[in-house]
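Summary of structural features
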Amino acid sequence: MADKKIKEMSFLDHLEELRWLLVRSTIAILVCAVVAFFFSDFIFNEIIFGPKSPDFITYHFFCELGKQFDMADTMCITEINLPIQNREMGGQFSMHMWTSITVGFIFAFPFILWEIWKFISPALYDNEKKYAISFIIVSSILFFLGVLFGYYLIAPLSVQFFASYIISPEISNAIDMDSYISLMKTSAIASGLLFELPIIIYFLTKIGLVNPEFLRKYRKYTLIIVLIIAAIITPPDVLSQIIVTIPIMVLYEVSILISVLVVKNQEKEKLKA
């Protein structure tokens, strides 16, 4: 049934569908961005600049954790010296606009997923199309969890590390606004997309680009890469590195499990045929 529908659609039809997917997704992002634009005080002062304060919840969490393991000296933060500056005439207005668009993208993400599902649904079997709502819900939850992971773990640990990293007392830090906000946005968006790994692996396995054996083979290399990244962005202690590494590796293991299930289902379909 799916193959028949695919054949009925020409290449130009697919391009037209893709064009409207992009148009509708862009409109959704802009609508959410307009709403975010009018909440700039909260978005900037409470959210974006939150990790600049030593009172931020993440620093409290690591401090309490450090006290439990007699590591308070390395894990408790009393000061973050990170002055932010703007050096362009229209810099603040431009950053206000682009930050609103970023927030708009985050909140419009479930709608974008729905548009993507509609685009790929002709290539799915009838029994797979009934999982549309589940796909949207699970993918959205994973994305928002990733955004929270990036904001509450990756971003503050990165801010704390770079704010305290000094190569010479002769050099003072006066961080550009673009640089700081770019770090915050990248941490949140990249983590959100990273948490989509199980969904990505599902589709890659279905089209035959990856399989469980491939994922298991490169598990150790993935662990090494994650540990290196965690070592760079976290304080110099093993505990905080483990806290950052565990969620990512859990995602990787879940992805392997999903790949196994997809392969088994494909084998069952072949036997039925």
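Small disclaimer: the values here were computed from a predicted structure and weren't measured.

Turning next to the overall build of the chain. On a plain count of helices and strands, the chain comes out with 13 helices and two strands. Seen through its principal axes, the chain has C-alpha atoms that stretch 70 × 45 × 30 Å. Put simply, the chain has 273 residues, and 38% of those count as buried. A separation threshold of at least 6 residues defines the contact pool for the chain, and within that pool the share at least 24 residues apart is 82%. With an accessible surface of roughly 16700 Å², the chain has 68% of that area assigned to carbon and sulfur atoms. Placing the 21 positive and 25 negative side-chain charges of the chain at their respective mean positions leaves the two points 14 Å apart.

Time to look at the state of the cysteines. Enumeration according to the criterion identifies one disulfide in this entry. Covalent S-S linkage joins cysteine 63 and cysteine 76, the inter-sulfur distance amounting to 2.0 Å. Around the S-S axis, the bridge from cysteine 63 to cysteine 76 shows a dihedral of about 85° and counts as right-handed. With cysteine 63 in helix H4 (residues 57-68) and cysteine 76 in the loop between helix H5 (72-75) and strand S1 (84-85), the pair connects residues that are 13 residues apart, well separated along the chain.

Across the interface, helix H8 (residues 132-164) lies against helix H10 (residues 197-206) with an axial gap of 9 Å and an inter-helix angle of 135°. By the angle between their axes, H8 is oblique relative to H10. Along the contact surface, H8 presents Phe135, Val138, Ser139 and Leu142, while H10 presents Pro198, Ile199 and Phe203. When the residues that make up the contact of H8 with H10 are grouped by side-chain class, the tally is six nonpolar, one polar and no charged.

Membership of the largest hydrophobic core comes to 32 residues, with the highest contact counts inside it found for Phe135, Phe149 and Val244. At the level of secondary structure, the elements contributing two or more residues to this core comprise helix H6 (91-120), H8, helix H9 (177-194), H10, helix H12 (219-233) and helix H13 (238-272). Core analysis: the second largest hydrophobic core is formed by 19 residues, Ile48, Ala155, Ala163 and Tyr180 among them.

Bringing the pattern of salt bridges into the picture now. Applying the stated criterion to the full structure yields six salt bridges. Glutamate 64 serves as the salt-bridge partner of lysine 67, at 3.6 Å between the closest nitrogen and oxygen. Separated by three residues within a single helix, lysine 67 and glutamate 64 lie in helix H4, roughly one turn from each other. Note that lysine 118 and glutamate 115 form a salt bridge whose closest N and O atoms lie 3.4 Å from each other. Of the two residues, lysine 118 and glutamate 115 are both situated in helix H6; the distance of three residues between them amounts to about one turn of the helix. Judged by its relative accessible area of 37%, lysine 118 is partly exposed. Residue glutamate 115 is classed as buried on the basis of its relative accessible area of 2%. A single network of salt bridges, built from pairs that share partners, joins Arg24, Glu115 and Lys118.

Moving on to the environment of valine 254. Summarising the element assignment, valine 254 is placed in helix H13. Separated by 162 residues in the primary sequence, valine 254 and glutamine 92 place their C-alpha atoms 42 Å from one another.

Turning our attention to the side chain of serine 191. As for its placement among the helices and strands, serine 191 is situated in helix H9. Reaching out from serine 191, the side chain makes a polar contact with the backbone oxygen of serine 187 at a distance of 2.7 Å. Other than its neighbours up to four places away in sequence, serine 191 contacts Gly146, Val147, Phe149, Gly150, Ile154 and Thr186.

With that settled, the discussion passes to the packing of helix H3 (residues 40-48) against H9. With their axes 12 Å apart at the nearest point, H3 and H9 run at an angle of 80° to one another. By the angle between their directions, the pair H3 and H9 is classed as roughly perpendicular. Across the interface between the two elements, Phe44, Ile47 and Ile48 from H3 touch Tyr180, Ile181 and Met184 from H9. For the contact of H3 with H9, the per-class residue count stands at six nonpolar, no polar and no charged.

In this model, the chain carries an average pLDDT of 86, and 90% of its residues clear a pLDDT of 70 or more. Within the chain, H3 carries the highest mean pLDDT (95), whereas helix H1 (residues 2-8) carries the lowest (47). Across residues 1-7 the pLDDT falls below 50, and counting only partners more than four positions away or on other chains, this stretch makes 10 contacts in the model.

With that settled, consider the packing of aromatic side chains. Per the counting criterion, the structure on display carries 20 aromatic pairs. Summarising the aromatic geometry, the rings of phenylalanine 143 and phenylalanine 144 are spaced 5.7 Å apart at their centres and angled 65° between planes, so their arrangement reads as edge-to-face. Its relative accessible area of 0% is what places phenylalanine 143 among the buried residues. Here the aromatic cluster, defined as three or more aromatic residues joined through ring pairs, consists of Phe56, Tyr59, Tyr151 and Tyr152.

Calculation criteria
- Residues numbered from 1 in each chain as written.
- Predicted model: local features only at pLDDT ≥ 70, side-chain atom pairs only at ≥ 80, totals over all residues.
- Heavy atoms only, no water.
- Helix = DSSP H or I, 4+ residues; strand = E, 2+ residues; numbered from the N terminus.
- Buried < 20%, exposed > 50% of the residue type's maximum accessible area, 1.4 Å probe, protein only.
- Contact = heavy atoms within 4.5 Å.
- Areas by Shrake-Rupley, 256 points an atom, 1.4 Å probe, with all protein chains shown as cover.
- Lys, Arg positive; Asp, Glu negative; His and termini not counted.
- Charge placed at Lys NZ, Arg CZ, Asp CG, Glu CD.
- Disulfide = S-S within 2.5 Å.
- Axes fitted to C-alpha atoms, helices over the stretch in contact; angles between N-to-C directions.
- Parallel < 35°, antiparallel > 145°, perpendicular 65-115°, else oblique.
- Nonpolar A, V, L, I, M, F, W, Y, C, P; charged D, E, K, R; others polar.
- Core = buried A, V, L, I, M, F, W, Y, C linked by side-chain atoms within 4.5 Å.
- Salt bridge = Lys/Arg side-chain N within 4 Å of Asp/Glu carboxyl O.
- Polar contact = N/O pair within 3.5 Å; in protein donor to acceptor, adjacent residues only side chain to side chain.
- pLDDT = per-residue confidence, 0-100.
- Phe/Tyr/Trp six-rings, centres within 6.5 Å; stacked < 30°, edge-to-face > 60°.

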